[in-house]
Amino acid sequence: MFNAPLAPFPALRPRRLRQADWIRRLTRETVFTPADLVWAIVVHDGDEARVPVPSMPGVARLSVAEAARTAVEARALGIPAIAVHPHVDGAKKDALGTEGHNPDGLVARALKAMKDAAPEVGLMCDLALDPFTDHGHDGLIEDGRILNDATIERLVELGLMQAEAGADVLAASDMMDGRVGALRAALEAAGRTDTMIMAYAAKYASAFYGPYRDAIGTAVALKGDKKTYQMDPGNTDEALREVALDIAEGADLIMVKPGMPYLDIVRRVVETFAMPTLAFQVSGEYAMITAAAQNGWIDEDRAILESLTAFKRAGCSGVVTYFAPRAARLLGA
Ligand code: PBG
């Protein structure tokens, strides 16, 4: 990186560049802005405007009407996009996740209401079966095994429905093999050539999703774990193979998830593929920061901005986070 050796101390005193705010700002390498945010929300199919999620202080499940208001708020705050995750009534769940592609269901209604309210705001929709299955898995199950190819057929149905309802980006978070290619082919065949696919290419089997499973109501339902489809936390070369496959199949955006514990993966992915790469500051990361702050153990505002800056420094072009509106306001939006 350097073609000349650094001057030795005292010629070079790095602290000179830190002595005052103006010079720190002038030499700052990474600046996080509201344009780097994707606002993660959870919607529910009840009438109550906001149902607080206990394990995520400050986050609530939103009614469809409230989700539409959120889109308007995102636009006002300069947040480019919202990532939608559904919480469906347990009575609507079955083994096949049939409710997932209901064209009059929660997801379709939320997407339409948000698009109508603020068409300029990008809508990413979580694409997976787990909010709709009574077993809480992202795939169909036979004899205790998660079926890959049969699940893809279902995901394609969900994806087409979501695109029809107004999703700009299908956020495939299921980790089945080959689903990006199948989605891309189906979108092309349906004339939806502009619909983007964000591949959760490197999604790890993580403890940090715990509060989310509370939020969308799958914590109780989930039998077993997701280790046969989500990645092992010890792996990094495998993440590159996953990303390579998804790019070859037609992914427009790459997602690494969870976020902060996996910034090394972000860095490798960005350096290897030069593709727009996002990371998800997941529910457990949100809960850690808010819980510590509630105990007075860390300064919440500073921790939010520092964590987001870390994502950007690692190479992310955007961060999906439940902190999005807070962060936008802290940044002066
Ligand atoms: C599942 C999905 C998960 C999240 C988003 N989509 C969790 C899981 O795999 O169980 C996690 C989001 C978060 O923790 O904030 N398709």
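Read on for an overview of the structure. Along each chain, the written sequence defines residue order, and numbers are assigned to residues from 1. The predicted origin of the model limits local features to residues at a pLDDT of at least 70 and limits the giving and counting of side-chain atom pairs to 80 or more, whereas totals for whole chains, interfaces and linings rest on all residues. Hydrogens and water molecules were not included; the side-chain quantities draw on all heavy atoms of the structure.

Only one rule defines a salt bridge in this text: a Lys or Arg side-chain nitrogen within 4 Å of an Asp or Glu carboxyl oxygen. Under the criterion given, the structure shown has 19 salt bridges. We note a salt bridge from arginine 25 to aspartate 21, for which the minimum N-O separation is 3.1 Å. Of this pair, arginine 25 and aspartate 21 both sit in helix α1 (residues 21–27), four residues apart, roughly one helical turn. Residue class for aspartate 21 comes out partly exposed when judged on its relative accessible area of 40%. Between arginine 179 and aspartate 174 there is a salt bridge, with its nearest N and O atoms 3.1 Å apart. For the exposure calls, accessible area comes from a 1.4 Å probe over protein chains only, and a residue counts as buried if that area is under 20% of its type's maximum, exposed if over 50%, partly exposed in between. Among the residues examined, arginine 179 registers a relative accessible area of 2% and is labelled buried. Accessibility expressed as a relative area gives 0% for aspartate 174, which makes it buried. Counted as one network, the salt bridges with shared partners bring together Arg50, Glu66 and Arg69. Helical segments are the DSSP runs of H or I of at least four residues, strand segments are the runs of E of at least two, and each set is numbered from the N terminus.

Quick look at helix α3 (residues 106–117) now. Multiplying one less than the number of residues by 1.5 Å gives the expected span of a helix. The end-to-end C-alpha separation of α3 is 16 Å, in line with the 16 Å expected for twelve residues at 1.5 Å each. Residues Leu106, Val107, Ala108, Ala110, Leu111, Met114 and Lys115 constitute the buried set of α3. Packed against the buried residues of α3 are β1 (37–44), α2 (64–77), β4 (81–87), β5 (122–127) and α4 (148–165). Throughout, a residue-residue contact means that at least one pair of heavy atoms, one from each residue, lies within 4.5 Å.

As a further point, take empty space enclosed by the protein. Think of a 1 Å grid over the protein atoms and nothing else: a 1.4 Å probe that fits but is trapped marks a cavity, an open set flanked by protein within 12 Å on at least five of seven lines marks a pocket, and residues with an atom within 4 Å of a point count as lining. Grid points are joined across faces, edges and corners, and a volume is the space filled by probe spheres set on the points. Summed over all chains, the structure comprises two cavities of 30 Å³ or more. Each pocket or cavity is described by its volume, and for the largest cavity that value is around 130 Å³. Along the walls of the largest cavity sit 16 residues, with Asp130, Lys203, Tyr209, Tyr212 and Lys257 positioned nearest its centre. Throughout this entry, Asp, Glu, Lys and Arg are counted as charged residues, while Ala, Val, Leu, Ile, Met, Phe, Trp, Tyr, Cys and Pro are counted as nonpolar. The remaining residues, Gly among them, count as polar. Tallied by class, residues from the lining of the largest cavity come to five nonpolar, four polar and seven charged. Put simply, the second largest cavity is a space of about 30 Å³.

For helix α10 (residues 300–314), spanning 15 residues, the distance from its first C-alpha to its last is 21 Å, which sits close to the expected 21 Å at 1.5 Å a residue. Every buried residue of α10 is accounted for by Glu300, Ala303, Ile304, Ser307, Leu308, Ala310, Phe311 and Ala314. Here the buried residues of α10 occupy an arc of 150° about the axis, which is enough to place them on one side. The outward face of α10, more than 90 degrees from its buried face, is lined by the exposed residues Arg302, Glu306 and Arg313. Buried positions along α10 lie against β1, α8 (263–273), β11 (277–281), α9 (283–294), β12 (318–321) and α11 (324–330). By the criterion applied in these results, polar contacts are pairs of N or O atoms within 3.5 Å in which, for protein atoms, one can donate a hydrogen and the other can accept it, and in which residues neighboring in sequence qualify only through two side-chain atoms. One side-chain oxygen at the N-terminal end of α10 lies 3.2 Å from the backbone nitrogen of aspartate 301; it belongs to aspartate 299. Positive phi shows up at glycine 315, right after α10, with a value of about 120°. This arc corresponds to the set of directions leading from the helix axis out to the C-beta atoms.

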